[in-house]
Amino acid sequence: MADDPKKKGRDRELVSVQEHEVAYLMKAAKVTRQKALQAIREAGPDRKNVMDYLQRK
């Protein structure tokens, strides 16, 4: 669900540094919190890019 109910669509494709989203990345990619945060910083907010970045590392 989008953070803002008025937003539609693309929110699902983005990832932020909110705790629940970092926790999801940690579980999905089996990485530490530091690696998840680093991936978001380096790959940007696009979820696909972050997951690709984590799989390359």
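Just above sits the structure.
Owing to the predicted nature of the structure, the values given are computational and were not obtained by experimental measurement.

A. Just helix α3 (residues 47-56), in detail. Along α3, the residues that are buried comprise V50, M51, Y53 and L54. End-on view of α3: buried residues confined to an arc of 160 degrees, all on one side of the axis. α3 presents K48, Q55 and R56 as exposed residues on the side facing more than 90 degrees away from its buried surface. In this structure, the buried side of α3 is in contact with α1 (19-29) and α2 (33-43).

B. Highlighting the pattern of salt bridges. Inspection of the entire model under this criterion finds two salt bridges. Across the salt bridge formed by E19 and R33, the nearest N and O atoms sit 3.0 Å from each other. Highlighted residues: E19 in helix α1 and R33 in helix α2, separated in sequence by 14 residues. Here K48 and D52 are joined by a salt bridge, their closest N and O atoms 3.1 Å apart. Taken together, the positions of K48 and D52, both in helix α3 and four residues apart, correspond to about one turn of that helix. You can call K48 exposed: its relative accessible area is 56%.

C. Structural detail: the packing of α1 against α3. Interhelical geometry of α1 versus α3 gives an angle of 40 degrees and a closest axis separation of 11 Å. Classified by the angle between their axes, α1 and α3 sit oblique to one another. Between α1 and α3 lies a crossing of right-handed hand. Of the residues in α3, those in contact with E21, Y24, L25, A28 and A29 of α1 are R47, V50, M51 and L54. Of the residues contributing to the contact of α1 with α3, the split by class is seven nonpolar, no polar and two charged.

Procedures and definitions
- Residues numbered from 1 in each chain as written.
- Predicted model: local features only at pLDDT ≥ 70, side-chain atom pairs only at ≥ 80, totals over all residues.
- Heavy atoms only, no water.
- Buried < 20%, exposed > 50% of the residue type's maximum accessible area, 1.4 Å probe, protein only.
- Helix = DSSP H or I, 4+ residues; strand = E, 2+ residues; numbered from the N terminus.
- Arc of directions from axis to C-beta.
- Contact = heavy atoms within 4.5 Å.
- Salt bridge = Lys/Arg side-chain N within 4 Å of Asp/Glu carboxyl O.
- Axes fitted to C-alpha atoms, helices over the stretch in contact; angles between N-to-C directions.
- Parallel < 35°, antiparallel > 145°, perpendicular 65-115°, else oblique.
- Left-handed = near helix turned anticlockwise from the far one by under 90°.
- Nonpolar A, V, L, I, M, F, W, Y, C, P; charged D, E, K, R; others polar.

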